[in-house]
Every structure is written in structure tokens, then in C-alpha cells.
Amino acid sequence: LILGVLIPAIHPYALMIIALVVMKICNIVPVEIQFIAQKWYALVSQTMTYALMVGCGIALLSIQELLGALGTVSFFVICLAVVATAAFAAGAVGMLVKFYFVESALTAGLCMANQGGTGDVACLSAAHRMNLMPFAQMSSRLGGALILIIQSILLRMFF
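(A) Examining the pattern of salt bridges more closely. Enumeration over the complete set of coordinates arrives at one salt bridge. Of the charged contacts, one joins Glu-103 and Arg-129 as a salt bridge, the two residues approaching to 2.8 Å between their closest N and O atoms. Taken together, the positions of Glu-103 in helix 6 (residues 101–110) and Arg-129 in the loop between helix 7 (117–126) and helix 8 (133–158) put the pair 26 residues apart, joining distant regions of the chain. Exposure remark for Arg-129: the relative accessible area of 26% places this residue in the partly exposed category.

Structural data, given as C-alpha cells:
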């Protein structure tokens, strides 16, 4: 929130993510804290993944809106095109830098274009690749932050 006051053109959530990435790149966070965070993540992901996925999915899902949207062919085609393009493009770019196609498509493509943390859990658990969660979280967080920054700039330019 403090960064949001200092830099009002960018959403505070995006600024927080950028600050954390900079801290990680500059190695500001002590190794002990990184180790503890990794162990905490492992505990939560192993013990609470499915309960969190069901709870968040039920809380955030509006059945009437979902059924209304699924009834239109254009919505289905747009969703299919976005997901297929994101997955294929991420997989192809991943192969260029010697990553596996499926892992790149999952973490950089599908996890960037889903519902956030709950969507990450759903995608990775369906693919039996829960070990890729840190990469999926980075894709969701950085992709979301990038979209917030772009939207903040465009909204200020046009409205």
C-alpha cells in the first residue's frame, strides 16, 4: 500500500509482486526464510490442496452465470481459442529454451490463463504435476501483475 501511494499509476498488488521479485533477484531474503517458506508451502500443498480447491471453487463460482455463459457458442469458442493459444505458444517457446513442451504449456500457458491459485491447483493436479506449483504461481502472479500494470496505464491514458 505504501508503494501504491508513492506510485499511484500502478496497482499496489502489482507493485508488491514486483518488489518481491526484485528482493528475490537481489538475494535480500535470507536463506532461512526461503527454506521456511518452502517447507510451509510443502505442508499446505500436501495437506490442504483439495479442501482449498473445493472451498475456493464453490465460493467463487456462480452457477447461474456459468450456465448462462456456457449456453453461448461464442463464449465457448473464445475460451477454447484463448486456452489453446496460450498453451501452444507457451509450450513452443518453452521448447525453444530447452524446456519440456507439456510443463511449459501447463505452467506458463494454462496457469497464466486460469482462475489464479485455485486454477493452478486444478490444472496441475489434473495433469499430476503438482511439483510444478512454484512455477505456476510465478506465472499467475507475474502474469497478473503485468496485466494490472498494462491496464492501469491504458485506463489512465483513455479515461
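Resuming the write-up.
(B) Quick peek at the nonpolar core. Residues Leu-106, Cys-111, Val-121, Leu-124, Leu-132, Met-133 and Ala-136 constitute the largest nonpolar core, which totals seven residues. For this core, the secondary-structure elements that each account for two or more residues are helix 7 and helix 8. If we ignore the near neighbours within four places in the chain, the residues touching Leu-106 are Cys-111, Cys-123, Leu-124, Ala-127 and Arg-129. By size, the runner-up hydrophobic cluster in this structure holds six residues, among which are Ala-14, Leu-15, Ile-17 and Ile-149.

(C) Summary view of the environment of Ile-153. Within the secondary structure, Ile-153 is located in helix 8. Take Ile-153: its relative accessible area is 41%, and that puts it in the partly exposed class. The spacing of Ile-153 and Ile-10 is 143 residues in sequence and 7.4 Å in space, taken between C-alpha atoms.

(D) Highlighting the packing of helix 5 (residues 73–96) against helix 6. At a closest axis distance of 7 Å, the pairing of helix 5 and helix 6 adopts a crossing angle of 130 degrees. When the interaxial angle is binned, helix 5 and helix 6 end up oblique. The way helix 5 lies across helix 6 gives a crossing that is right-handed. Every residue of helix 6 that contacts helix 5 at Val-83, Ala-86, Ala-87, Phe-88, Ala-90, Gly-91, Ala-92, Gly-94 and Met-95 is listed here: Phe-101, Ser-104, Ala-105, Ala-108, Gly-109 and Leu-110. Grouping the amino acids of the contact of helix 5 with helix 6 by side-chain chemistry returns 11 nonpolar, four polar and no charged.

Calculation criteria
- Residues numbered from 1 in each chain as written.
- Predicted model: local features only at pLDDT ≥ 70, side-chain atom pairs only at ≥ 80, totals over all residues.
- Heavy atoms only, no water.
- Salt bridge = Lys/Arg side-chain N within 4 Å of Asp/Glu carboxyl O.
- Helix = DSSP H or I, 4+ residues; strand = E, 2+ residues; numbered from the N terminus.
- Buried < 20%, exposed > 50% of the residue type's maximum accessible area, 1.4 Å probe, protein only.
- Core = buried A, V, L, I, M, F, W, Y, C linked by side-chain atoms within 4.5 Å.
- Contact = heavy atoms within 4.5 Å.
- Axes fitted to C-alpha atoms, helices over the stretch in contact; angles between N-to-C directions.
- Parallel < 35°, antiparallel > 145°, perpendicular 65-115°, else oblique.
- Left-handed = near helix turned anticlockwise from the far one by under 90°.
- Nonpolar A, V, L, I, M, F, W, Y, C, P; charged D, E, K, R; others polar.

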